[in-house]
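Structure at a glance
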Amino acid sequence: MSPSPVATPAPGPSNSDCSSVIYDMMDCLSYITPGSNDTSPTKVCCGGILSVLQYNPKCVCVGLASTKDMGIEINSTRAHSMPTTCKLPIAAPHCAIPGASAPGASTPGMTPSTH
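In this report, the structure presented in the accompanying data block is examined. What you see is a predicted model; the values in this text were computed from it and never measured.

Glancing now at the overall build of the chain. Of the regular secondary structure elements, the chain holds 6 helices and 0 strands. Shown N-terminal to C-terminal, the secondary structure of the chain runs as helices and strands in the order α-α-α-α-α-α. A buried classification covers 30% of the 115 residues belonging to the chain. A fraction of 76% describes how many contacts in the chain between residues 6 or more apart in sequence connect residues 24 or more apart. Entry remark: accessible area of the chain is about 7,400 Å², with carbon and sulfur atoms responsible for 59%.

Next up, the structure:
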């Protein structure tokens, strides 16, 4: 008997399913880090986002969430807009990114006030 083909899709992504592709997004960190002076993501970054989206769109969420585990802070506004910024044909799913910061000036009303 021959083994199952490697390309059998998993029912849903887990961190281990996505770990082989989320590193494709590492070139985007300079763009999505708070305080970045980069005005746009690099072509390598956009290509990495596209490969992750083609593999499994939910892996974008896994990758962004893993930045917190690595102690990396990200700008959630820029992170969520990456597919649009890169003009990619695939939209990323909306995913909550724990601990991500959003610049207050560009997202009025998005952050709950505790006053």
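Past the structure itself, the notes keep going.
As for its position among the elements, P57 is in the loop between α3 (43-55) and α4 (58-69). In this structure P57 comes out as partly exposed when scored by relative accessible area, which is 31%. Discounting residues that sit within four places of it in the chain, P57 has contacts with V52 and P93.

In this structure, K87 takes a positive phi of about 55° despite not being glycine. Relative accessible area serves as the criterion here: at 72%, K87 is assigned to the exposed category.

Time to look at the environment of C86. Locating C86 in the fold gives a position in the segment after α6 (82-85). Each C-alpha atom, one on C86 and one on K43, is 8.1 Å from the other, the two residues being 43 residues apart in sequence. Excluding its chain neighbours within four sequence positions, the residues that come into contact with C86 are P41 and C46.

The nonpolar side chains of a soluble globular protein tend to be buried, and buried together. Membership of the largest hydrophobic core comes to 22 residues, with the highest contact counts inside it found for I32, I49 and M82. Elements that contribute at least two residues to this core include exactly α1 (15-22), α2 (29-32), α3 and α4. Per element, the largest residue contribution to this core is 5 residues, and it comes from α3. Aside from chain neighbours lying at most four places away, what touches I32 is L64, I74, N75, R78, A79 and M82.

Attention shifts here to a nonpolar patch on the surface. A surface patch of nonpolar side chains, amounting to about 310 Å² of accessible area, comprises Y23, M26 and M70. Judged by its relative accessible area of 52%, Y23 is exposed.

For the rest of this paragraph, the subject is α3. Compared with the 18 Å implied by 1.5 Å per residue over 13 residues, the 18 Å span of α3 between its first and last C-alpha is a close match. Of the residues making up α3, those classed as buried are C45, C46, G48, I49, V52 and L53. Burial along α3 is one-sided: seen end-on, the buried residues are contained in an arc of 160°. Every exposed residue of α3 that faces more than 90 degrees away from the buried side is listed here: K43, V44 and Q54.

Criteria and thresholds
- Residues numbered from 1 in each chain as written.
- Predicted model: local features only at pLDDT ≥ 70, side-chain atom pairs only at ≥ 80, totals over all residues.
- Heavy atoms only, no water.
- Helix = DSSP H or I, 4+ residues; strand = E, 2+ residues; numbered from the N terminus.
- Buried < 20%, exposed > 50% of the residue type's maximum accessible area, 1.4 Å probe, protein only.
- Contact = heavy atoms within 4.5 Å.
- Areas by Shrake-Rupley, 256 points an atom, 1.4 Å probe, with all protein chains shown as cover.
- Core = buried A, V, L, I, M, F, W, Y, C linked by side-chain atoms within 4.5 Å.
- Patch = residues over 30% accessible without salt bridge, like charges linked within 9 Å, V, L, I, M, F, W, Y side chains within 5 Å.
- Salt bridge = Lys/Arg side-chain N within 4 Å of Asp/Glu carboxyl O.
- Expected span 1.5 Å × (residues − 1).
- Arc of directions from axis to C-beta.

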